[in-house]
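Results of the structural survey
Take a look at the letters that make up each chain.
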Amino acid sequence: MADFEVPTLDEVPRVPRLVEGAMRHSRPFAAAPEHQEALGFPGQLVEDWHDKAIEKFGEILDRSRPLRVYMDACVKCGACTDKCHYFLGTGDPKNMPVARQDLLRKVYRRYFTPAGKWLPWLVGAEDLTEEVLDEWYSYFHQCSQCRRCSVYCPYGIDTAEFSMAAREIMDHIGKGQKYCNEILGKVHQIGNNLGLPAPALANTLEGLEEDIEEETGVKVRLPLDEAGAEVLLVTPSADFFAEPHVDGLIGYAKVFHQAGVSWTISSYASEAANFAMFIGSYEQMKKVAERIRKAALELGVKRIVVGECGHAWRVAYSFWDTLAGPFDFLDPNYPVPQHICEFTYDLIQRGELTLDKSANDHMTLTFHDSCNVARGSRMGDAPGGQFEIPRAIIKACCNNFVDMAADTIREATFCCGGGGGLLTDDLMELRVKGAQPRMQALKQVADAQGVTHMAAICAICKSQFAKVMPEYGFAMDAIVSVHQLVSNAIVLDGQKTT
Amino acid sequence: MLTAGYALLFYAATALLLGGLAHKVRQYARAPVPLKIPIMPAPTTKSGVVWRMAREVALFESLFKSCKWTWLFGWMFHAALLLVVLRHLRYFTEPVWGWVVLLQPFGLYAGFAMLAGLGGLWLRRLAVERVRYITGPSDHLMLALLAGIAVTGFAMRYVARTDITALKAFVLGLIYFDWQPIPAEPLLLLHLGLVAALMIVFPFSKLLHAPGVFFSPARNQADDTRTRRHLASRLERAGR
Ligand code: SF4
Ligand code: SF4
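The rules behind the values
Residues numbered from 1 in each chain as written. Chains lettered and ligands numbered in written order. Predicted model: local features only at pLDDT ≥ 70, side-chain atom pairs only at ≥ 80, totals over all residues. Heavy atoms only, no water. Helix = DSSP H or I, 4+ residues; strand = E, 2+ residues; numbered from the N terminus. Rg over C-alpha atoms; globule rule 2.2 N^0.38 Å. Buried < 20%, exposed > 50% of the residue type's maximum accessible area, 1.4 Å probe, protein only. Areas by Shrake-Rupley, 256 points an atom, 1.4 Å probe, with all protein chains shown as cover. Lys, Arg positive; Asp, Glu negative; His and termini not counted. Charge placed at Lys NZ, Arg CZ, Asp CG, Glu CD. Contact = heavy atoms within 4.5 Å. Buried area = accessible area lost by both parts, 1.4 Å probe. Salt bridge = Lys/Arg side-chain N within 4 Å of Asp/Glu carboxyl O. Polar contact = N/O pair within 3.5 Å; in protein donor to acceptor, adjacent residues only side chain to side chain. Phe/Tyr/Trp six-rings, centres within 6.5 Å; stacked < 30°, edge-to-face > 60°. Lys NZ or Arg CZ within 6 Å of the ring centre and 35° of its normal. Axes fitted to C-alpha atoms, helices over the stretch in contact; angles between N-to-C directions. Parallel < 35°, antiparallel > 145°, perpendicular 65-115°, else oblique. Domains from an automatic or database assignment. Near = heavy atom within 4 Å. Nonpolar A, V, L, I, M, F, W, Y, C, P; charged D, E, K, R; others polar. Left-handed = near helix turned anticlockwise from the far one by under 90°. Pairing = 2+ DSSP bridges. Expected span 1.5 Å × (residues − 1).

1. Quick look at the overall build of chain A
- Scanning chain A from N- to C-terminus turns up 22 helices and 7 strands.
- On C-alpha atoms alone, chain A measures out to a radius of gyration of 23 Å, which is about the 23 Å that the 2.2 N^0.38 rule sets for 498 residues.
- Here the C-alpha coordinates of chain A stretch approximately 75 × 50 × 40 Å along the principal axes.
- Scored against the burial criterion, the 498 residues of chain A give a buried share of 66%.
- Accessible area of chain A: about 16,700 Å², with a carbon and sulfur share of 50%.
- On chain A, the mean spot of the 49 positive side-chain charges and the mean spot of the 67 negative ones are 5 Å from each other.

Laid out in structure tokens, this is it:
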């Protein structure tokens, strides 16, 4: 399929030479007028786009301390330059985090700082021209907002804040991206990213119940819109049909079943993902988050549990309370909100699950930390729980587990290459190349320690890996859900023996 | 004439430095923080955050994780600069504070470390392709300014010694608005001119990383969203 070269995987990871303009051609499809207008953005590039863009830029600066500070603080030390997976995979210098920031910073300097107004040549200030705008569209859609660069910056400068701001400015002048904006429209209209209406969803869940019963002989329910349930499960809609996501969903259902906790999915808020974060729109993000609060109130649940999804968990853990809170109507004896991994881990801790590890003996596993979980959220009571808990679950369900190289996991984890609103076929070259650092680390443990499968807790990671792993010589089903492993290992009460 | 010129230059430079910094700090402090965005794992308490910031500011912890050479040169330069600045306090107080007297020899060695750090950073800028790519004229200018200050400082000690007593009288005169003649030595004039230039560019340049580091939400926020509600902006807070 590829009309580009798939990067090689070397024994020792290397930092590429700079290839100016290597990815200048990469750009996502533009949003159609109806996708733009559904979100209240202009349908196409407005006549006075230059002035409108600067105006919006100023507005964002005034309401965002991070952007204000990060615009000024960079000293060009270069510490971040070799940290971005898109740079490592493409060699395009504009994919070095600081260079990506500079695309926005040079315009900031020109219009908002005295030095840039009077001595633009000295401080690298530039007018906002059509060409600059075009570069924004290209390179701010080559950032998955994974925040790996921020870990290594002496000032914590967070390039994701730049990409979000740039995308927000572009949306407001009519230069939006199709993938994100179309999807957001579906969430507002139907309730999930896929545009899956309630009857279809009910059908899908019924089908899954039948599958489980056929396989185990136990009637495990996947309830929809059941008022009075204890738990509302909010999960990425990919869990309803995509592979290996759906195996994870089956895992959650089995865990709820064994725990004896009543639960339900909501057809109104049948989506944990919140793509508004990717386009940097606070208003949109708030609207999507409020659907969940509303559903929880209407169904009268006491707890909200979030399924396996990276950015959704960041939004839930770090932003929900601010955007749509307070969630004081939920039971304070449980974490608000709670991750499905926390839920399962708690049961394992209390010895309430019977897990047959040998069910996963055909695999040797490793774990891919998803960037938004790793660097944007937490699980459990202590910092770093987001690393320990998923691993503890895997180890409780599997005999064979190996970690990848230390500088590619935990807080240093590499993005899958498809995060941040880039998981679209029109960016396939970027996605394949951006996966190179992760594939490299995986290959290392595959060769040296016989790793056969990689587990993840993010819908985007799973879809991305299923698609790009074959390009690197791995099987497409070498990516698995963490709760798929739980599903394999869990022994249900009354389960038929095979 | 010369004395008046330098006196006014330093008054102006001080005013610009303090005024500019105050403006910037106010701007940072007033800008709302819409969301909680600490880089995790982050401390869950305020005191934990203070500890994280202290490590960041005193030891450059993140930079250490990132690139050992840049850390080495960068940390060496900053630590040395601090000592050198403290050493210069002897020109500002009469009598000289005891600990400043004790510091004098260290301050001198620090001067060499400072130059070595600057040299290392400059070399990196030229030699490493990635760093060269992101380096602009102002980055070289900043290094030149700092190196110039250090070199003229050393020259006054080892090449053409300055009349330190007269210099101190000039400095104290500035502070107490009782101007005393500045020693008309070219090296000293150059040294002081460069220092004034540094003070002036401070609030308009990347030197803003100094106040900026304290305002970085990625580092200074606690991981406590499940226990404390973060409100989006001052406006929203006022409405409650
Ligand atoms: S946030 Fe991630 S994708 Fe974006 S520049 Fe930083 S490392 Fe690259
Ligand atoms: S690490 Fe931070 S300060 Fe250094 S170049 Fe990158 S963004 Fe700038």
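Past the structure itself, the notes keep going.
2. Focus: the interface of chain B and chain A
- Residue-level contacts link 55 residues of chain B with 74 residues of chain A.
- Interface area, chain B with chain A, both sides summed: about 5,300 Å², of which 58% is carbon and sulfur.
- Of all residues in chain B, Arg130, Tyr133 and Arg226 of chain B give up the largest surface area on contact with chain A, accounting jointly for 16% of the area buried on that side.
- Across the contact surface, chain B and chain A share 7 salt bridges.
- Summed over the shared surface of chain B and chain A, the number is 34 residue pairs in polar contact (both at pLDDT 80 or more).
- Put simply, the parts of the chain that give the side of chain B that touches chain A at least two residues each are helix H1 (2-30), helix H3 (61-66), helix H5 (98-127), helix H6 (129-134), helix H7 (137-158), helix H10 (209-212) and helix H11 (217-220) of chain B.

3. Regarding the packing of aromatic side chains
All names here are of chain A.
- Tallied over the entire structure, the rule returns 19 aromatic pairs over all chains.
- These aromatic residues form a ring-pair network of at least three members: Phe57, Tyr108 and Phe112.
- When the ring centre of Tyr137 is taken as reference, the NZ or CZ atom of Lys175 above it lies at 4.8 Å.

4. Brief notes about the pattern of salt bridges
- This model, assessed by the stated rule, comprises 44 salt bridges over all chains.
- Its salt-bridge partner being Glu56 of chain B, residue Arg219 of chain B comes within 3.4 Å of it at the nearest N-O pair. On the criterion of sequence distance, the pair formed by Arg219 of chain B in helix H11 and Glu56 of chain B in helix H2 (residues 46-59) is long-range, its members being 163 residues apart.
- Here Glu56 of chain B falls in the buried class, since its relative accessible area comes to 4%.
- Salt bridges here are not isolated pairs; linked through shared partners, they connect Glu20, Lys94, Lys106, Glu126 and Glu135 of chain A.

5. Considerations on the packing of helix H2 (residues 49-63) of chain A against helix H5 (residues 97-112) of chain A
Residue and element names in this part refer to chain A.
- In contact at an axis separation of 11 Å, H2 and H5 are set at 95° when each is read in the N-to-C sense. In this view, H2 runs roughly perpendicular relative to H5, as classed from their interaxial angle. Taken together, the residues of H5 that come into contact with H2 (itself represented by His50, Ile54, Phe57, Gly58 and Leu61) are Leu104, Val107, Tyr108, Tyr111 and Phe112.

6. Side note on the domain arrangement of chain A
All names here are of chain A.
- Domains assigned within chain A are domain 1 (33-176) and domain 2 (183-402 + 451-489).
- For domain 1 and domain 2, the distance between their C-alpha centres works out to 32 Å.
- Counting residues at the interface gives 12 residues for domain 1 and 15 residues for domain 2.
- Here domain 1 packs against domain 2, burying approximately 1,200 Å² in sum over the two surfaces, 50% of which is carbon and sulfur.
- The largest contributions to the domain 1 side of the interface with domain 2 come from Leu39, Arg147 and Met164, which together make up 40% of the buried area.
- For the pair domain 1 and domain 2, the number of links is 0 salt bridges.
- Joining domain 1 to domain 2, the criterion identifies 5 residue pairs in polar contact (both at pLDDT 80 or more).

7. Thoughts on the site of ligand 2
- Near ligand 2, the surroundings consist of 13 residues, among which Cys74, Cys77, Gly78, Cys80 and Cys153 of chain A are the closest.
- Residues belonging to the shell around ligand 2 are distributed by class as follows: 10 nonpolar, 2 polar and 1 charged.

8. Observations concerning the packing of helix H13 (residues 245-259) of chain A against helix H16 (residues 340-349) of chain A
Residues and elements named next belong to chain A.
- It is at 11 Å that the axes of H13 and H16 come closest, and there the two elements cross at 40°. The orientation of H13 with respect to H16, classified from their angle, is oblique. Judged by the sense of rotation from one axis to the other, the crossing of H13 with H16 is left-handed. Contacts between H13 and H16 involve Tyr252, Val255, Phe256 and Ala259 from the first element and Ile340, Phe343, Thr344 and Leu347 from the second.
- Class assignment for the residues of the contact of H13 with H16 results in 7 nonpolar, 1 polar and no charged.

9. Quick notes on the site of ligand 1
Residues and elements named next belong to chain A.
- The environment of ligand 1 is made up of Cys84, His85, Tyr86, Pro97, Arg100, Cys143, Ser144, Gln145, Cys146, Arg147, Cys149 and Thr159.
- Secondary structure elements with two or more residues in the shell around ligand 1: helix H4 (85-90) and H5.
- Classifying every residue of the shell around ligand 1 by side-chain character gives 6 nonpolar, 4 polar and 2 charged.

10. Here's the deal with the sheet that holds strand E7 (residues 479-481) of chain A
Residue and element names in this part refer to chain A.
- As summarised here, the arrangement of the 3 strands in space is E5-E6-E7, forming an open sheet in which the pairing is parallel. Sheet topology places strand E5 (365-367) and E7 at the edges, where each strand pairs with a single neighbour. For this sheet, the mean inter-axis angle between neighbouring strands, taken without regard to orientation, is 40°.
- Across 3 bridges, strand E6 (residues 453-456) lies against E7 in parallel orientation. Across the sheet, Met454 pairs through a bridge with Ile479, a residue of E7.

11. So, the environment of Leu72 of chain B
- Mapped onto the elements, Leu72 of chain B comes out in helix H4 (residues 68-87).
- Under the relative-accessibility criterion, Leu72 of chain B is labelled partly exposed at 36%.

12. Thoughts on H2 of chain A
- For H2 of chain A, which comprises 15 residues, the first-to-last C-alpha distance of 21 Å matches the rise-based estimate of 21 Å (1.5 Å per residue) to within 8%.
- Those residues of H2 of chain A that fall on the buried side of the exposure criterion are Trp49, Ala53, Ile54, Lys56, Phe57, Gly58, Ile60 and Leu61 of chain A.

13. A closer look at the sheet that holds strand E4 (residues 338-339) of chain A
- With parallel pairing, 4 strands are arranged side by side in an open sheet as E2-E1-E3-E4 (chain A). Among the strands making up the open sheet, the edge pair consists of strand E2 (263-265) and E4 of chain A.

14. What to know about the side chain of His245 of chain A
All names here are of chain A.
- Residue placement: His245 occurs in helix H13.
- By relative accessible area, which is 0% here, His245 ends up buried.
- Other than its neighbours up to four places away in sequence, His245 contacts Ala238, Asp239, Ala459, Lys462, Ser463 and Ser481.

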